[in-house]
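# Results of the structural survey
Listed below, chain by chain, are the residues.
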Amino acid sequence: MKKIGFVLFACTGLAVAQELADIRRVIDEAVAAGQLPGAVCLVSHQGRVVHQSVHGSRALVPAVEPMTADTIFDAASLTKVVATTASLMKLVEQGRIRLNDKVTTYLPAYQGGKSDITVRLLLTHFSGLRPDLDLQPAWSGYELGIRKALVDKPVHAPGERFVYSDINFILLGEIVRQVSGRPLDQYAREEIFAPLGMKDTGFRPAAALAPRIAPTEQYPGMTAPLRGVVHDETTRYMGGVAGHAGLFTTADDLAHFAQAILNGGELNGVRIWSPLTVRKFTEPQTPSDQPILRGLGFDLDSPFSANRGELYPIGSVGHTGFTGTSLWIDPATQSYVILLANTVHPKRRPAITPLRAKVATIAAASLGVDAPRSTLTGYNETMAGVRRHVNRAGQVQTGLDVLIGEKFARLQGKRVGLITNHTGLDGAGRPDFLVMREMGVNLTALFSPEHGIFGKEDREDVADAREPQTGIRIYSLYNQANRKPSPAALAELDALVFDIQDMGARFYTYASTMKNALEAAAAAKLPFYVLDRPNPLTGVRVEGPLLDPELQSFIGCHNIPIRHGMTTGELARMFNTELSLNAKLEVVAMKGWQRGDWFDSTGALWVNPSPNLRSLNAALLYPGIAMLEYSKNYSVGRGTDAPFEQIGAEFIRGRQLATTLNSRKIPGVRVYPVRFTPNDSNLKGKTIEGIRFVITDREGFDAVRLGVELAVALERLYPGQINFPANGKLIGSQTLVKEFAAGADPRAIQARLEETLVPFLARRAKFLLY
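Thresholds applied
Residue numbering note: each chain is counted from 1, following its sequence as written. At least 70 in pLDDT is required for a residue's local features to be given in this predicted model, at least 80 for side-chain atom pairs to be given and counted, and no such filter applies to totals for whole chains, interfaces and linings, which use all residues. Hydrogens and water are ignored here; the side-chain numbers use all heavy atoms of the structure. Any residue with an atom within 4 Å of a point lines the site, the site being either a cavity, points on a 1 Å grid over the protein atoms alone where a 1.4 Å probe fits but cannot get out, or a pocket, an open set with protein on both sides within 12 Å along at least 5 of 7 lines. Grid points are joined across faces, edges and corners, and a volume is the space filled by probe spheres set on the points. Strands are runs of DSSP state E lasting at least 2 residues, helices are runs of H or I lasting at least 4, and numbering of each runs from the N terminus. Only Asp, Glu, Lys and Arg are considered charged in this grouping, and only Ala, Val, Leu, Ile, Met, Phe, Trp, Tyr, Cys and Pro are considered nonpolar; every other residue, Gly among them, is considered polar. Two strands make a pair as long as DSSP finds a minimum of two bridges between them. Contacts: residue pairs with any heavy atoms within 4.5 Å of one another. Note on method: axes are straight lines fitted to C-alpha atoms, helices fitted across the in-contact stretch only, with angles between N-to-C directions ranging 0 to 180 degrees. The salt bridge criterion pairs a side-chain nitrogen of Lys or Arg with a carboxyl oxygen of Asp or Glu, the two atoms within 4 Å. Throughout, exposure labels follow a simple rule: accessible area from a 1.4 Å probe, protein chains only, divided by the maximum for the residue type, with under 20% read as buried, over 50% as exposed, and the rest as partly exposed. Geometric relationships in this document are graded by angle, where less than 35 degrees denotes roughly parallel, more than 145 denotes roughly antiparallel, 65 to 115 denotes roughly perpendicular, and other angles denote oblique. In this scheme, a crossing is called left-handed if the near helix is turned counterclockwise away from the far one by less than a right angle; it is called right-handed if the turn is clockwise. Any Phe, Tyr or Trp ring, taking Trp's six-membered ring, that has another such ring centre within 6.5 Å forms a pair; planes under 30 degrees apart are called stacked, those over 60 apart edge-to-face, and the others tilted. Take the number of residues in a helix, subtract one, and multiply by 1.5 Å to get its expected span. Per residue, pLDDT measures the predictor's confidence, with a range of 0 to 100. We call two N or O atoms a polar contact when they sit within 3.5 Å, provided that within protein one can donate a hydrogen and the other can accept it, with sequence-adjacent residues counted only if both atoms are side-chain atoms.

As enumerated under the stated definition, the model contains three cavities of 30 Å³ or more in all. Looking at the largest cavity, its volume works out to about 160 Å³. Lining the largest cavity are 14 residues, with Leu-121, Pro-287, Arg-747, Ala-751 and Glu-754 sitting closest to its centre. For the lining of the largest cavity, the leading source of residues is helix α22 (residues 746-765), giving four residues. A per-class count over the lining of the largest cavity returns four nonpolar, five polar and five charged.

Moving on to unusual backbone geometry. The linkage connecting Val-61 with the following residue, Pro-62, adopts the cis geometry, with an omega of 0 degrees. Positionally, Pro-62 belongs in the loop between β2 (48-59) and β3 (65-66). With an omega dihedral of -10 degrees, the bond running from His-345 to Pro-346 counts as a cis peptide bond. Summarising the element assignment, Pro-346 is placed in the loop between β13 (335-341) and α10 (353-366).

This brings us to the sheet that holds strand β20 (residues 584-588). Reading across the sheet, the seven strands line up as β16-β17-β15-β14-β18-β19-β20 and stay open at both edges, with mixed pairing between neighbours. The sheet is open, and its two edges are formed by β16 (465-466) and β20, each paired on a single side. In this sheet, strand β17 (residues 473-476) lies alongside β16 in antiparallel orientation, the contact comprising two bridges. Note on β17: the bridge partner recorded for Arg-466 is Arg-473. Of the strands in this sheet, β18 (495-499), β19 (527-531) and β20 are in contact with helix α16 (residues 568-578), which crosses β20 at around 160 degrees.

Across all of its chains, the model carries 50 salt bridges by this definition. Here Arg-25 and Glu-29 are joined by a salt bridge, their closest N and O atoms 3.4 Å apart. Of this pair, Arg-25 and Glu-29 both sit in helix α1 (residues 21-32), four residues apart, roughly one helical turn. Judged by its relative accessible area of 39%, Arg-25 falls in the partly exposed class.

So, about the sheet that holds strand β21 (residues 646-649). Pairing within the open sheet is antiparallel, and its three strands lie in the order β21-β23-β22. Strands with a single pairing partner mark the edges of an open sheet, and in this sheet they are β21 and β22 (669-676). The sheet shows a mean angle of 25 degrees between the axes of neighbouring strands, direction not considered. One ladder, built from four bridges, connects β21 with strand β23 (residues 688-695); its direction is antiparallel. From the neighbouring strand, Gly-648 faces β23, where its bridge partner is Gly-690. In this fold helix α17 (residues 616-625) packs onto β21 and β23, with an angle of close to 120 degrees to the strand it touches most, β23.

Next up on the list: the packing of helix α2 (residues 78-93) against helix α5 (residues 166-180). If you want to describe how two helices pack, look at the angle between their axes and the distance between the axes. Relative orientation of the contacting elements α2 and α5 amounts to 45 degrees, with a least axis distance of 10 Å. In terms of their interaxial angle, α2 and α5 are classed as oblique. When you trace α2 past α5, the crossing you get is left-handed. On the side of α2, the interface is formed by Lys-80, Thr-84, Thr-85, Ser-87, Leu-88 and Leu-91, while α5 contributes Asp-166, Phe-169, Leu-172, Gly-173, Val-176, Val-179 and Ser-180. Its residues assigned to classes, the contact of α2 with α5 shows six nonpolar, five polar and two charged.

Tallying each qualifying case throughout the model produces 15 aromatic pairs. With a centroid separation of 6.0 Å and an interplanar angle of 85 degrees, the aromatic rings of Phe-257 and Trp-273 are classed as edge-to-face. Of this pair, Phe-257 sits in helix α8 (residues 251-262) while Trp-273 is found in the loop between β8 (270-271) and α9 (275-282), placing the two residues 16 residues apart along the sequence. Note on accessibility: Phe-257 and Trp-273 belong to one class, buried. Ring geometry for Trp-593 and Tyr-770: centres 5.3 Å apart, planes at 85 degrees, overall edge-to-face. Taken as a pair, Trp-593 in the loop between β20 and α17 and Tyr-770 in the segment after α22 lie far apart in primary sequence, 177 residues in all. A relative accessible area of 24% places Tyr-770 in the partly exposed class.

Right, let's talk about helix α15 (residues 510-524) for a bit. In this model α15 runs 21 Å from its N-terminal to its C-terminal C-alpha over 15 residues, within 8% of the 21 Å that 1.5 Å per residue would give. Extensive coverage of α15 is indicated by the burial of 12 of its 15 residues. Those residues of α15 not exposed but buried are Tyr-510, Ala-511, Ser-512, Thr-513, Met-514, Lys-515, Asn-516, Ala-517, Leu-518, Ala-520, Ala-521 and Ala-522. A positive phi of about 60 degrees marks Lys-525, the residue just after α15.

Let us look at the confidence of the model for the protein chain. Summary statistics for the protein chain give a mean pLDDT of 92 and a share of 94% for residues scoring 70 or more. Here residues 1-16 is modelled with pLDDT under 50, and outside its nearest four sequence neighbours on either side it reaches 43 contacts, counting other chains as well. Scored below 50 in pLDDT, residues 369-390 shows 51 contacts in the model against residues more than four places distant or in partner chains.

Contact geometry for α2 and α9: axes closest at 10 Å, N-to-C directions at 125 degrees. Relative to α9, the element α2 is oriented oblique. In this structure, the crossing between α2 and α9 has a hand that is right-handed. Note on element contacts: α9 touches α2 through Thr-277, Val-278 and Phe-281, opposite Thr-85, Leu-88, Met-89, Val-92 and Glu-93. Across the contact of α2 with α9, the residue classes break down as five nonpolar, two polar and one charged.

Attention now goes to the pairing of strand β1 (residues 38-45). A regular strand places its side chains so that they alternate between the two faces of the sheet. Of all the eight residues making up β1, eight are buried; the element is thus mostly covered by neighbouring parts of the structure. Burial of β1 is two-sided: the residues Gly-38, Val-40, Leu-42 and Ser-44 facing one way and the residues Ala-39, Cys-41, Val-43 and His-45 facing the other way are all buried. Pairing of β1 with β2 involves eight bridges; the strand directions are antiparallel. Bridge assignment links Ala-39 to a residue of β2, and that residue is His-55. Counting the residues that bridge the hairpin from β1 to β2 gives two residues, and of these Gln-46 lies at a positive phi of roughly 55 degrees. Note that β1 and β13 share seven bridges and pair antiparallel. For Val-43, the partnering residue across the bridge sits in β13 and is Val-337.

Attention now goes to the layout of surface pockets. Looking at the second largest pocket, its volume works out to about 840 Å³. Residue lining of the second largest pocket: 35 residues in total, with Glu-450, Glu-460, Glu-629, Tyr-630 and Arg-638 positioned closest to the centre. A breakdown of the residues in the lining of the second largest pocket according to their chemical character gives 16 nonpolar, nine polar and 10 charged.

Here we take up α9. Along α9, the residues classified as buried are Thr-277, Val-278, Lys-280, Phe-281 and Thr-282. Structurally, α9 contributes buried residues whose contacts are with α2, α3 (119-124), α8, β10 (299-301), β11 (317-320) and α22.

Turning our attention to the side chain of Lys-80. Structurally, Lys-80 can be placed in helix α2. Owing to a relative accessible area of 0%, Lys-80 belongs among the buried residues under this scheme. Looking at Lys-80, its side chain comes within polar contact range of the side chain of Ser-77, at 2.7 Å. If sequence neighbours within four positions are ignored, Lys-80 has contacts with Thr-85, His-125, Tyr-164, Ser-165, Asp-166, Phe-169, Gly-243, His-244 and His-319.

This is how it looks when you write it as structure tokens:
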């Protein structure tokens, strides 16, 4: 058998290990059953080829030819990954192509210059384009094929649904040509194949290679099957080179490509892509509300990913080709599986989907696929929220419960100040300050946030007071004069403790109170304890724009997104480090909480954290709905029985707005028209029309996506009615304010926002406790 050139470790004679023997058996059985003429299979693990086998025949007509390890196969749609995606990876990391740019940026004639389809949507098959160009009446020529692709009308809105489309990659191949100044085949040969040593890979193979090429279909009227001529009809019409098909390759050459992906873009000392580029293209990039998982070009988990088998984990990547080719790569186990066949020779047969799955499953089982959790943490966390559909019935111990279990040993002998409110309850529903007093803590001062110690004040200026049961002085941290503990108050303390239930949104001020108190404790050199509590919206989903520095305020105090997916303790760790506070911070971590837990999975008692957040549903809607509540002519439901679950205004027509938003098919939510009369806040006493929101799938729901869709719909239907700049501190991004005012495409906005979250996820990871 042929030795793979790049393998650095001897492959023990390439002997088939006992546990891999079943690969040979299942392929031989498939050949014997007439499912395919023959095949070449190659499996590698940790840089070593552990299995390579040759099966059946390369050709059946006009004469039988035995299969050989160096057979060259028509790769079909593997072209999308190995040639087109690989080329785009190079151009993206060079800054010559941006994923969220519209296709018209690079192909100005596309759709007459007016289209919201982006490069990212082409790569993920969420463009809305049809599967293929029309082939009848017959046509020919590369330029004509491109002209057809440029005008082919989408059948779905961009980003709405997954449609596997060759047109996507025809356009991408042309983008490579326009940006690089070289045809796709030349660019891929010079920039990808030659540096990787893929000497038998390319488009339109030379006639001298014909004896090694596996023939494909013999159409009626042909005297011999296609051999060295691409099988895909569209590519054949285009002269043999297109972004979706046309590549020819061998198992050995694909092994070079796969190993370079596993190595983070490098092979034998030659770097083709940066590790970050490889990670970007191979992690989930499809809309977070969709069940389909695709990378950029690469498949992860879709109706086309059966070649992953039963055991390779989500996070492994690959692709298939119509002619019978497939490739699957798993970073977790540092392995890959290549299966090349010509199932369309001499006529088309059913796809070998079951065989591909069997081969991958056997390979994965033999390699002991049991990747540690840490190997998969690089993949987009927003997707984890979509994939997790298990509602636990847990019993979480908050930081307060943990201290109770320790009999408050950490606070013994200290004069303690407690920042809390009505949400600071233990597992039995008792207020934290009463439990502390009962258990001997020397609690000498209380500090209250917005809404006061009992959570009932819905005004700007909350005064100092005395707690009626204990007589302890309450220092308000929400009044005009003071929003952080004073040096005089802290001078009487030995420790400061924070115990408040947050809501997981940037513009919920309890986090700002904690940050201010942390600063004051650092200045006073007091130890600062955060008794951690769950993020009620899970610790997985991260949504919305990062806060612009010039928009920071008490409403939003740090450069984090609207829905940050962090607990109070994790936020404290971030504030202390990133703001260089150097406080003596100690987070009392929870026990039993998992990042995917919603509040109802914790076993904790729900207490309205503020007067107008009255349910978990309202809390989930809040990050999206509250973005516009500074508009005086607009109600978010304050003063009604459903604040943040409905919106309205005198200029809104409820049926019109509901129809518009429902037609957008926003994942996880539906709306219906309502009429209501607020008895407080904006539009008090006025009967107005509006809409009410019904969450239909909270795992697939993106609150900020709803907020974006709502803002754009309001601007498009009722131009100029919403003063978006007035909501700048809530929205948090001047760019987003301008996009709202311009009525920009919500899906394009969403794609841009998701891209901006990537650096935050890396920042955030350093401070996570669970």
